[in-house]
Amino acid sequence: MADTTATETKAQRIERLKRAKNGWEHFDEIKEFARQGHASIPPEWFATYLRSWGIYTQGDGVGVIGGKNGEGKATEFFMVRIRIPNGLLTSAQTRAIAGLAERHARGVADITVRQNVQLHWVTVEALPDVIETLWSAGLTTIGACGDVARNITGCPLAGFDAHEFCDASPLALDIDRALGGNADFYNLPRKFKMSITGCRSWCNYPEINDIGFTPVTRRRPAGVETGFSVRVGGGLSTNPHLAVRLNAFVPWKQVVPVARGIAEIFREANVLRENRERARLKFLFLQHGWTPDSFLAELEDRVGFKLDPAEPEEVPSDVHRDHVGIHAQKQLGVSYVGANVLGGRITPEQLRLAADLSDRYGDGHVRNTVMQNLVIVNIPDQHAVRVAGQLTAAGLPVRAAAFARATVACTGSEFCKLALTETKGFARWLANELDDRIPGFQQQLRINVTGCPNSCGQHWIADIGLEGKKIKLNGKMVDAYYFCIGGSVGEFASIARPVGYRCAATDVPDAIERLMQQFNENREPGENLRQFFVRHSNDDLRSILAGGFATAVERDTATQSAIPIGVES
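Residues numbered from 1 in each chain as written. Predicted model: local features only at pLDDT ≥ 70, side-chain atom pairs only at ≥ 80, totals over all residues. Heavy atoms only, no water.

Caption draft 1: Quick peek at the side chain of Glu15. Note on placement: Glu15 falls in helix 1 (residues 10–20). Residue Glu15 is classed as buried on the basis of its relative accessible area of 6%. If we skip the residues at most four places from it in the chain, Glu15 touches Asn187, Leu188, Pro189 and Arg273. (Helix = DSSP H or I, 4+ residues; strand = E, 2+ residues; numbered from the N terminus. Buried < 20%, exposed > 50% of the residue type's maximum accessible area, 1.4 Å probe, protein only. Contact = heavy atoms within 4.5 Å.)

The structure is reproduced here in structure tokens:
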């Protein structure tokens, strides 16, 4: 029989490997790799099975341009992502992560935009200890990467927010137990991202998830009932798409069955398995003719019950969903303290400090946010300033400056094989530059830095989204960024507009300073930043960023950026 594997597409190869074996059932093989060394790992584990364990190969620091076929060179080290549902951590778990970062990750830990924590520099020999230490602490890496139900995000202040509709964190954990690490959902067409919140600010960005549950209420004979709206098909990457709202009110007891039903629809959508670049749930709407009504009909048929029509909902207008600062909780006499972790990069010492403060003054719990920050809850009011002071002294400011507070960054070329630019150090430098140049800036904004078109840094929903590129400057290839302006979520939800301006990374602060200066000088009475952007054309914004007339530069496609074609000379 002829060998057909030689002519397989990437999608066909990965689908074959997933059908052949559930990697979650073979921890024994990971332990054997650790005993025999990196060279013993077969290609199928690198390509597929390790990813379902939350493990990626680490790049060599050059990023995508150091390799070929759209992927950079891999080193013998790994990135390990720890799955943290709803961002909920105990102090003991926080210390366990700190210990692993210290022992196996050269002191590097990153809080991600999905409330996870990533470790870097992990060797194959260390993988069993990392995984087993996390298991002992009640944590796991299973399902943090791969074609599976990913970590579910939620409000980190669930149960404590003074203005929330409800504490939805029990449902988040129920959904995680139902879908996360469940072999029934090991082989999905692609990644599957979920969120649920009971807060009014939708701080976990349901608009960009495959499933997003948000709170609503309705009047019943017995009183007011709290349930949920449900959105489906959100996602960013190179084809951004805001989730569509279904005409459905989802009662509390039906949330988990509905989540499972949506995951099953995704699992059975074989048309999505034909191309890895068009395999997310959103492509049912983008390319295959599905509508909110047809999706709802399929969902109701699958779960076996009808859902009542949707109720009116309060869509938040506030853009800051980061929980930074000292804020009163719903419980009398206690507050939460939110600290800014610029770019998400955090040290073992800072993690231990957060754990110690939560034990000494709070109730032993730490929360991660999708803005890559951390929160300590249940601090008696009389100790809140002391806790804030200790966090700030350790490099985790509680009264963060505007641009530091606004800035988010993906992993970047430091560790990622797909990235074009270094992002973590750049984001820190950029935020500090802007806070020095524009002190006291009062507008709420988001500056999201992503090292490639895949938008792990979520630049499509930022006021100022910076997409990593390469350009030639003085004969040398240098990091550069393409500007996407006016993205937002909530009441003003929209995908950022590529405005045709690209510049070297070193010139980005100048461009943003010019933009903010024009806003401060020419805004209309009562106009906010998002309204200012809407009022100006792409040509206007490009000229402001450039400091004069500038010819529009096309935004490279993912493939062009990866190899990089068409760079400026």
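Caption draft 2: Looking closely at the sheet that holds strand 4 (residues 109–111). One open sheet accounts for 5 strands, arranged 1-2-5-4-14; its pairing is antiparallel. Sheet topology places strand 1 (55–59) and strand 14 (345–346) at the edges, where each strand pairs with a single neighbour. Pairing of strand 2 (residues 74–82) with strand 5 (residues 117–122) involves 4 bridges; the strand directions are antiparallel. Bridging across to strand 5, Arg81 finds its partner in Gln118. Against the sheet, helix 3 (residues 43–52) makes contact with strand 1 and strand 2, and its axis sits at roughly 125 degrees relative to strand 1, the strand it touches most. Sheet strands in contact with helix 5 (residues 127–136) are strand 1, strand 2 and strand 5, and its direction is about 5 degrees off that of strand 2. (Pairing = 2+ DSSP bridges. Axes fitted to C-alpha atoms, helices over the stretch in contact; angles between N-to-C directions.)

Caption draft 3: Up close: the sheet that holds strand 13 (residues 334–339). If you walk across this open sheet you meet the 5 strands as 3-15-16-13-12, and the pairing is antiparallel. Each edge of the sheet is formed by a strand with only one pairing partner; in this case those strands are strand 3 (88–90) and strand 12 (325–328). When strand polarity is set aside, the average angle formed by the axes of neighbouring strands in this sheet is 30 degrees. Relative to strand 16 (residues 374–380), strand 15 (residues 365–368) is paired through 3 bridges, and the arrangement is antiparallel. Note on strand 16: the bridge partner recorded for Val366 is Ile376. The strands touched by helix 10 (residues 348–361) within the sheet are strand 15 and strand 16, with strand 16 carrying the most contacts at an inclination of about 20 degrees.

Caption draft 4: Looking closely at the pattern of salt bridges. Within the structure shown, the criterion is met by 41 salt bridges. Of the charged contacts, one joins Asp479 and Lys470 as a salt bridge, the two residues approaching to 2.4 Å between their closest N and O atoms. Salt bridges sharing partners connect three or more residues here, namely Glu15, Lys18, Asp147, Arg273 and Arg276. (Salt bridge = Lys/Arg side-chain N within 4 Å of Asp/Glu carboxyl O.)

Caption draft 5: Broad picture of the pairing of strand 9 (residues 223–232). Pairing of strand 8 (residues 211–220) with strand 9, which is carried by 10 bridges, proceeds in the antiparallel orientation. In the strand pairing of strand 9, Arg219 is matched with Val224. Sheet topology places strand 9 next to strand 11 (residues 250–251); 2 bridges connect them, and they run antiparallel. Counted as the bridge partner of Phe228 is Val250 from strand 11. Here strand 9 pairs with strand 10 (residues 244–245) via 2 bridges, running antiparallel. The residue bridging Arg231 from the neighbouring strand is Arg245, located in strand 10.

Caption draft 6: Representation of helix 16 (residues 538–546) within the structure. Leu541, Arg542, Ile544 and Leu545 are the residues of helix 16 that are buried. Axial view of helix 16: buried residues confined to an arc of 160 degrees, hence all on one face. Contacts from the buried residues of helix 16 go to strand 20 (476–485), strand 21 (497–504), helix 14 (508–522) and helix 15 (529–535). Positioned one or two residues after helix 16, Gly547 has a phi angle of 80 degrees, which is positive. (Arc of directions from axis to C-beta.)

Caption draft 7: View of the packing of helix 1 against helix 3. Viewed as axis vectors pointing N to C, helix 1 and helix 3 meet at an angle of 80 degrees, and their least axial separation amounts to 10 Å. With respect to each other, helix 1 and helix 3 are oriented roughly perpendicular. Of helix 3, the residues touching helix 1 (which contributes Ile14, Leu17, Lys18 and Ala20) are Glu44, Thr48 and Tyr49. A class-by-class count of the residues in the contact of helix 1 with helix 3 yields 4 nonpolar, 1 polar and 2 charged. (Parallel < 35°, antiparallel > 145°, perpendicular 65-115°, else oblique. Nonpolar A, V, L, I, M, F, W, Y, C, P; charged D, E, K, R; others polar.)

Caption draft 8: Quick peek at the packing of aromatic side chains. With the rule as written, the count across this model stands at 21 aromatic pairs. Summarising the aromatic geometry, the rings of Phe426 and Tyr481 are spaced 4.5 Å apart at their centres and angled 15 degrees between planes, so their arrangement reads as stacked. Here Tyr481 lies in strand 20 and Phe426 lies in helix 13 (residues 424–437), a separation of 55 residues in the sequence. For the pair Phe426 and Tyr481, one class covers both residues: buried. An angle of 80 degrees between the planes, with centres 5.4 Å apart, marks the rings of Phe519 and Phe532 as edge-to-face. (Phe/Tyr/Trp six-rings, centres within 6.5 Å; stacked < 30°, edge-to-face > 60°.)

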